[in-house]
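One-letter residues, chain by chain:
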Amino acid sequence: MSGSSVIGKDFAHSVAEIKSQLTILSALMLLSFDELNPVKLVGGALGVPLYVFGWTATFFLLYTFVAHLRTIFYYGTKMFFIAVLSIFFSEIEVIGRDNIPRHGPVVFTGNHANQFVDALNVLCNCEHKIGFLIAQKSWDTLVVGILARLLGCIPIARPQDKAKKGAGKIEVAAGSTTVRASEGADFKAMNLRAKDKLRICPAAGSVVLLTVKAVVSSGELECSEAADLPAACGPEATAFGYEVLGYVDQSTVFAKVHEALSHGVCLGIFPEGGSHDRTDLLPLKVGVAVMAFGTQEKYGISVPVVPVGLNYYRGHRFRGRVVVEYGPPIYISNDLMEKYKESKKDAYGEYLGMVEDGMRACLVTTPSYQALQIVHMARRLWVPSGYIPSSQQKQDLNRRFAQGYKLLHAKYDDGLPSEVTEDDVVEKQEMPPAMAHLRNRLLEYIKLLQEMGLRDYQVPTLELNMWKVSYTFLHLISVFALAAVPSLFLNAPVGLICRILAEKHRKKSLAGSKVKITGRDVMLSKKITLSIVLVPTLWVVYAVALYFLTGLAFSTIFVIFMSFPLFSFMGVKATEAGMVAMKDLRPAYLRLIDPSVRKKMDTLPNIRAELVQELKAFIKEMGPSFGSIYNDTEVKWDEYMSKSGSTGDLFQMGGNFSGSTADLSRMASTFSGSTAD
């Protein structure tokens, strides 16, 4: 955004704020003096009793309320959830709001990393009124269902929500359309129909859907498309356990979606399907393409799709952090619309690729969680001490390191377990010793920090003087104790119950999923929905206890009850201060009582300084081969992602753009004006 546009927006905001203040103050002044009160002046002049004006205004107030009931409920619910998110997240940062079209229908597509919380973060951080496509099973639940109706969501039945485990096994080979029954499976007994799907997991983290074309016999059926199995499965037919997903006709739902978009409604969808806790996107479902193409075909309206990146940091925990990033809108070109008329399948595929590239341009994705840890640590070590980059600069630098890691991962075996199934299995080279050494040292440093309860930002300022450590320890104990008092009664009981039930829900969700790693993506949503019910219930219990167990007047109890929300929020803020103190308390405690930990802590600043130098030297050597992510001061990530495609294309791209001998200052200029050497 240019500086002039920022100044213009700030000026317009200031003018609007001044107008509002003048209007409110002028109205108060007029109503405060009988000689200036317009209602009394007009009533007196016309000889009309004042209650006529009062009842007339009341009638129109009620009429306005009823006429705009859905809008009032929507924004009321939105304000409620803004308050909820401010409690559960310590910080919510938004990047790219200017990418959102100001008028007309818009479809928002986000990654699905935190179940219901994903929709709330989009809804509460966007000026548009947004309704989401929500799973029918969530629509049918009590709390979520009521809130979804208030927010104007559209329920959609999903085949995976009614998946049934199939009897026996099925045999299928890569590239084959024929599926044979094995170990007691009977296709006719299952009453399989055309368009039903069989879901198999040929490899860890890999899910393949086989669409039934026709049941040939009890032991054989034909699929609409060849089985796209990972290359690791080999060419021979393999037996798999499977699930049956019955066909669901969604034409009625999409007709409603097309009609809503034609009327200018904004909708949100998570095209991965279900939520998950992986470090990369799952394959996108075709729904978003059906929405965009169908609306243009039926109503001639080109609906922009705005990709949304939801980047969570400890997102499953209380007081985590999230960065919401909106990417440039994606439109259907005339050429793509012509392709749609010839082949919907090809047009859908190309469009989904564009949407996926747009979403990746708003995210930081890696092959595994350990790789993500390395990327974040490398970014922290790279930033000069004392410099605090903005959220946008952090995201940009994180993506540079993540894409650089993928370039290396495409060529070298990093030895880390991958969460991403690679369709094209290529023989990778052994990682060079210097690269392997840096990777191992980074992982060791991360592990060392975790063992001591430290964060990287604490290392440069570690206190080595034992007297000062003792003072710090006593100070932190005091802060933590004071912070615990307000939350002990108002928040702790609910927090404990939510934590226990969320953990049970996580285990249940993980057991029923084919794509989740640990199931943490469902925990925060469960905590929030439980808190919405349990927190007011706890307040009522306390109010009833005060009424029956104390001699306080009813008016006093009512005032106390109405003060509970304020006290509860103060308890949250105090708890956060206590959590900060707790982070510093553990290392101080370990340093005081454990000599071995003390020795390790003494070495941390030197280890970090050595890692910084080793990382810089490695990037200086390898950087030019990374192409634009190293050489360019500004990277247009949507264009970069569209060029990078698969991991093979990614490495080819890095090679194509290499050849520069640029020094570290180019990459460092992303967040500062000086060199990082």
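Residues numbered from 1 in each chain as written. Predicted model: local features only at pLDDT ≥ 70, side-chain atom pairs only at ≥ 80, totals over all residues. Heavy atoms only, no water.

A. Geometry of a nonpolar patch on the surface. Together, V540, V544, Y547, F548, L549, F554, F558, V559 and M562 line one region of the surface with nonpolar side chains, adding up to about 1000 Å² of accessible area. Sorting the residues of the nonpolar patch by element identifies α17 (523–549) and α18 (554–593) as the ones contributing at least two each. Here the nonpolar patch takes five residues from α17, the largest share from any one element. With respect to the element layout, L549 can be found in helix α17. (Patch = residues over 30% accessible without salt bridge, like charges linked within 9 Å, V, L, I, M, F, W, Y side chains within 5 Å. Areas by Shrake-Rupley, 256 points an atom, 1.4 Å probe, with all protein chains shown as cover. Salt bridge = Lys/Arg side-chain N within 4 Å of Asp/Glu carboxyl O. Helix = DSSP H or I, 4+ residues; strand = E, 2+ residues; numbered from the N terminus.)

B. Highlighting the nonpolar core. Residues L381, Y445 and L604 are the most contacted members of the largest nonpolar core, which totals 49 residues. Breaking this core down by element, the ones donating at least two residues are α12 (369–382), α13 (391–411), α14 (433–452), α19 (595–622), α20 (628–631) and α21 (637–644). Contacts of L604, omitting those with residues within four sequence positions, involve Y445, L448, L449, M452, L454, V459 and L462. F81, F108, A148 and V306 belong to the second largest nonpolar core, which has 36 residues in total. (Core = buried A, V, L, I, M, F, W, Y, C linked by side-chain atoms within 4.5 Å. Buried < 20%, exposed > 50% of the residue type's maximum accessible area, 1.4 Å probe, protein only. Contact = heavy atoms within 4.5 Å.)

C. Quick look at the pattern of salt bridges. All chains considered together, the criterion is met by 17 salt bridges. Residues D161 and R158 are paired through a salt bridge, measuring 2.8 Å at the closest nitrogen-oxygen approach. Overall, D161 belongs to the partly exposed group, its relative accessible area being 25%. Note that E610 and R441 form a salt bridge whose closest N and O atoms lie 3.2 Å from each other.

D. Molecular detail of the sheet that holds strand β3 (residues 130–135). One open sheet holds the seven strands; their spatial order is β1-β15-β14-β2-β13-β3-β4, and the pairing between them is mixed. Bordering the open sheet on either side are β1 (89–95) and β4 (154–156), each of which pairs with just one other strand. When strand polarity is set aside, the average angle formed by the axes of neighbouring strands in this sheet is 25°. (Pairing = 2+ DSSP bridges. Axes fitted to C-alpha atoms, helices over the stretch in contact; angles between N-to-C directions.)

E. Molecular detail of the confidence of the model for the protein. Per-residue confidence for the protein averages 85 on the pLDDT scale, and 86% of its residues sit at or above 70. Put simply, helix α22 (residues 647–656) is where the protein has its lowest mean pLDDT, 40, and strand β2 (residues 107–110) is where it has its highest, 97. Scored below 50 in pLDDT, residues 1–8 makes two contacts in the model with residues more than four places away or belonging to other chains. Taken as a whole, residues 646–677 scores under 50 in pLDDT and shows 74 contacts with residues more than four places along the chain or in a different chain. (pLDDT = per-residue confidence, 0-100.)

F. Up close: a positive patch on the surface. Taken together, the side chains of R314, R317, R499 and R520 present a region of like positive charge at the surface. Using a relative accessible area of 43% as the deciding quantity, one classes R314 as partly exposed. (Lys, Arg positive; Asp, Glu negative; His and termini not counted. Charge placed at Lys NZ, Arg CZ, Asp CG, Glu CD.)

G. Structural view of the UniProt feature "transmembrane region" (unreviewed entry) in the protein. When the UniProt feature table is mapped onto this chain, "transmembrane region" (unreviewed entry) is found at residues 41–65, 72–89, 473–498, 528–548 and 554–572. Within residues 41–65, the helical portion is 88% and the strand portion 0%, while the C-alpha atoms at the span's ends are 28 Å from each other. With 100% helix and 0% strand, residues 528–548 has its two end C-alpha atoms placed 30 Å apart. (UniProt positions renumbered as here; feature names shortened; annotations may be inferred.)

H. Seen up close, the environment of K527. With respect to the element layout, K527 can be found in helix α17. Sequence spacing of K527 and C498 is 29 residues, and the spatial spacing of their C-alpha atoms is 5.2 Å. With residues near it in sequence (within four places) discarded, K527 still touches F88, H316, R317, C498, R499 and A502.

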